[in-house]
Amino acid sequence: MPVNSFENYPMSWQPKKSDLEKPYYLSIAALLERDILDGKLSENTKLPPQRELADFLDLNLSTITRAYKLCELKGLLYAVTGKGTFVSSGISGQDTFLDRNHNHHMIEMGMIKPFYECNQSILNAAQIVLNNPDNIKLFEYSNPFGTKRQVKAALKWLHHFGIDTTKENILLSAGAQNALSVILISLFKAGDKIAVDAFTYTNFKKLANFLHIQLIAIETDEYGMSPASLLQICKNTEIKGIYLMPTCSNPTSIFMPAVRRQEIADIVYKFHLLLIEDDIYSFLDPSDIKSFFSILPEQTIHICSISKSLCAGLRVAFFTFPAKYKEALVAGILNINLKTVSLNSEIVAELIENGTAFQIVRQKILLAQQRNKIYKTVFDVYEKDNIARFFYWLPIPERFTSEEIEILALQKGVHILGSHRFAMQSNQKSSYIRVSITSPDTENDLRKGLLILKNIFEDNTVNFLV
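Okay, so let's go over this structure. (Residues numbered from 1 in each chain as written. Predicted model: local features only at pLDDT ≥ 70, side-chain atom pairs only at ≥ 80, totals over all residues. Heavy atoms only, no water.)

For the rest of this paragraph, the subject is unusual backbone geometry. Cis rather than trans, the peptide bond between K22 and P23 has omega equal to -5°. Inspection of the secondary structure puts P23 in the segment before α1 (24–37). Omega for the peptide link from N250 to P251 comes to 25°, which places this bond in the cis form. Checked against the element boundaries, P251 lands in the loop between β9 (241–244) and α9 (258–270). The backbone of N44 shows a phi angle near 70°, a positive value even though the residue is not glycine. Tracing the sequence through the fold places N44 in the loop between α1 and α2 (50–57). Looking at N44, the relative accessible area reads 37%, which means it is partly exposed. Positive phi outside glycine occurs at S253, with the angle close to 60°. Take S253: it is sitting in the loop between β9 and α9. (Helix = DSSP H or I, 4+ residues; strand = E, 2+ residues; numbered from the N terminus. Buried < 20%, exposed > 50% of the residue type's maximum accessible area, 1.4 Å probe, protein only.)

Spelled out as structure tokens, the structure:
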């Protein structure tokens, strides 16, 4: 029990110990970050002294020190000698891991930036669209499912990447996240269970949690989701769906081979599951491996976002589906009004129809291949395939956790994301980091950032001290 009584004692921040999980310093830091970003702690609020908070929570002082230091490194807090620790200004309502433009010395390798230098071609297409006087109609209320030209362009794009469907079974949305929202709201209900990889795309985790849909972690190996593990879960648990990124899975960068896809498809078919195929990186796959939609078209919904292949800012995705789900999906789009901006869809259509979109893809693959070479040189990696990856899943030394590597990297001026952010289970060993090689501004910055990480790994004198 705490030494002192805190009944009726004024404290600016009083987290509940019942809300904490081990390791406590990470849990405290997460709660503190949430309350700051949600605006519950206003800027320049003075936080409780570390000893006071340690006594309140009945924890060691070092635990509170580590939590405060972690939030300070994220820019959430600042300390004034002799006065205490305060909430930073201008933080509330922002995601400090997404907005790092204020720190020009930080090498970004956490957020995946898809080669912004290609955006001049996007601007050119936008100017063509805006200079067409007929396109003034784009500023009116528009067809929520896209114009004939936009749907035709979508079909052309999908066909290029091996997805053949009909105009009746394709919808446009404002990005992959909106497509996922429509699918989960329209076809699933609270309490339903969806099978996912052991390390899963964080935004899907958050969306499912928001909708009270339970995600069931399936063991993963070097080829992706384990068929044996999935089969065992399906036999013992009532699974309704499965979510996969089969091509360059985020975060593990695994490209699921054809044999594994067929094994997974057989289980999906046997247990009448609905497979959600998030294929945002399909443009990077040089092989002719069939998509899940091509293998199992009656049980697969395929999502193809253009945010990584063409432009992050346009927020357009195409998703195609079995005819039996159309009515529910259309109702979902109309009821929650999750549709794309017609101007954005028209710019994408222009890029596809005039061939610029395919030139951008080729350019991005070449840029990625060059950066892949730098990564492989720094970390002495040999791979049989010559696939251009936008990010790598990098194992870290056993003496560190991924949380600690994040902090040490931040101290050295590099932002990366640890595997704890993607882990489906809190006790899952966080022994990787996801390193985006497309995000540093230059190849020199990439090389510098990678060498900083390598030096942290190899320096046995480095300890995690905060």
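With that settled, consider the packing of helix α14 (residues 402–411) against helix α15 (residues 443–458). Relative to each other, α14 and α15 sit at 125°, their axes nearing to 10 Å. The orientation of α14 relative to α15 falls into the category oblique. Every pair of crossing elements has a handedness; the one defined by α14 and α15 is right-handed. Here α14 contributes I405, L408 and A409 to the contact with α15, which in turn contributes L453, I456 and F457. Considering only residue class, the contact of α14 with α15 consists of six nonpolar, no polar and no charged. (Axes fitted to C-alpha atoms, helices over the stretch in contact; angles between N-to-C directions. Parallel < 35°, antiparallel > 145°, perpendicular 65-115°, else oblique. Left-handed = near helix turned anticlockwise from the far one by under 90°. Contact = heavy atoms within 4.5 Å. Nonpolar A, V, L, I, M, F, W, Y, C, P; charged D, E, K, R; others polar.)

Moving on to the sheet that holds strand β6 (residues 214–218). Strand order across the open sheet formed by seven strands is β4-β12-β11-β10-β9-β5-β6, with mixed pairing between neighbours. Each edge of the open sheet carries a strand with a single partner, namely β4 (170–173) and β6. For this sheet, the mean angle separating the axes of adjacent strands, direction not counted, is 20°. Strand direction decides the pairing type here: strand β11 (residues 300–305) and strand β12 (residues 317–320), joined by four bridges, are antiparallel. Counterpart to C304 in the pairing with β12 is F318. Contacts between helix α5 (residues 148–160) and the sheet are confined to β4, β11 and β12, with β4 contributing the most and set at about 105° to the helix. Relative to the sheet, helix α11 (residues 326–336) contacts β4, β11 and β12, its axis offset from that of β4 by approximately 20°. (Pairing = 2+ DSSP bridges.)

Moving on, we get to the packing of helix α8 (residues 227–236) against α9. Here α8 crosses α9 at 5°, and the two axes come no closer than 10 Å. Considering the angle they form, α8 stands roughly parallel to α9. Between α8 and α9, the contacting residues are P227, L230, L231 and C234 on the first element and R260, E263, I264 and I267 on the second.

Let us look at the pattern of salt bridges. In the structure shown here, the tally under the stated rule is ten salt bridges. One salt bridge in this structure joins D192 and K189, with 3.3 Å as the shortest N-O distance. Residue class for D192 comes out buried when judged on its relative accessible area of 10%. Residues D192 and K240 are paired through a salt bridge, measuring 3.4 Å at the closest nitrogen-oxygen approach. Here K240 lies in the loop between α8 and β9 and D192 lies in the loop between α6 (176–187) and β5 (193–197), a separation of 48 residues in the sequence. Connected via shared salt-bridge partners are R149, E346 and E350. (Salt bridge = Lys/Arg side-chain N within 4 Å of Asp/Glu carboxyl O.)

This part is about α2. Listing the buried residues of α2 in full gives E52, L53, A54, D55 and L57. As for α2, its buried residues are in contact with α1 and α3 (61–73). Taken from the residues just after α2, D58 is the one with a positive phi, measuring 60°.

Moving on, we get to the nonpolar core. Counting residues in hydrophobic clusters, the biggest one holds 76 residues, and the most contacted among them are W157, F318, F319 and L329. It is α6 that provides the largest number of residues to this core, a total of seven residues. Of all hydrophobic cores here, the second largest spans 26 residues; its members include A54, L57, L59 and L76. (Core = buried A, V, L, I, M, F, W, Y, C linked by side-chain atoms within 4.5 Å.)

This part is about the sheet that holds strand β16 (residues 432–436). Spatial ordering of the open sheet is given by β13-β16-β15, a layout of three strands whose pairing is antiparallel. Taken across any chain shown, the strands that pair with only one partner, and hence form the sheet edges, are β13 (391–395) and β15 (417–418). Pairing between β13 and β16: five bridges, direction antiparallel. Bridge pairing in β16 places Y392 opposite V435. Where α15 meets the sheet, its contacts fall on β13 and β16, and the angle it forms with β16 comes to roughly 165°.

Right, let's talk about the side chain of R261 for a bit. Relative to the helices and strands, R261 is located in helix α9. In this structure, R261 is in contact with P246, T247, M256, E277, D285, I289, K290, S291, F292 and I295, ignoring residues within four places of it in sequence.

The values reported here are purely geometric and, on their own, carry no functional implication.
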